[in-house]
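One letter stands for each residue in the lines below.
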Amino acid sequence: MQKSFKALNIKCGGCANTVKKALKIEFGETDVDLTQEPRVVTLEIKDEESELSFRKKMRSLGYPLEDEDLRRLTKGGLKAKSFLSCAIGKINQE
């Protein structure tokens, strides 16, 4: 089923490119809406395990979801990861 999630730290096309490429193999085509704030990521989620995998992957890229408890995560560390992911996405843009 198609599901949408609000993601933090996504700022530009480079960020969106990184997200799309990182999720493509496991989730197929992914849409990142850069017109909304926070950004909306829409993709195919098969089950609860699939959603947990998606959430973990987004955190690893530095793009946590808006509904996550960020007190237990290092906010600064996530921003730093997102800057790196963004730079990689800009370099690898198609």
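Reading the values: rules and limits
Residues numbered from 1 in each chain as written. Predicted model: local features only at pLDDT ≥ 70, side-chain atom pairs only at ≥ 80, totals over all residues. Heavy atoms only, no water. Helix = DSSP H or I, 4+ residues; strand = E, 2+ residues; numbered from the N terminus. Salt bridge = Lys/Arg side-chain N within 4 Å of Asp/Glu carboxyl O. Buried < 20%, exposed > 50% of the residue type's maximum accessible area, 1.4 Å probe, protein only.

Trainee: Can you tell me about unusual backbone geometry, naming the residues and giving the values?
Mentor: Cis rather than trans, the peptide bond between E37 and P38 has omega equal to -5 degrees. Looking at the element boundaries, P38 is found in the loop between strand 2 (31-33) and strand 3 (39-44). Although it is not a glycine, N9 sits at a positive phi angle of roughly 75 degrees. Assignment of secondary structure puts N9 in the loop between strand 1 (2-7) and helix 1 (13-27).

Trainee: So what's going on with the pattern of salt bridges? Residues and values would help.
Mentor: By the definition in use, this model includes 7 salt bridges. With a shortest N-O distance of 2.6 Å, E51 and K3 are connected by a salt bridge. One end of the pair, E51, is in helix 2 (residues 48-61); the other, K3, is in strand 1, with 48 residues separating them in the sequence. Given the relative accessible area of 15%, E51 is considered buried. Between R39 and E37 there is a salt bridge, with its nearest N and O atoms 3.7 Å apart. Classification of R39 by relative accessible area gives buried; the value is 13%. Among the charged side chains, a network of salt bridges with common partners joins K3, E51, R55, R59, D67 and E68.

Don't take any of this as a statement about function, it's just geometry.
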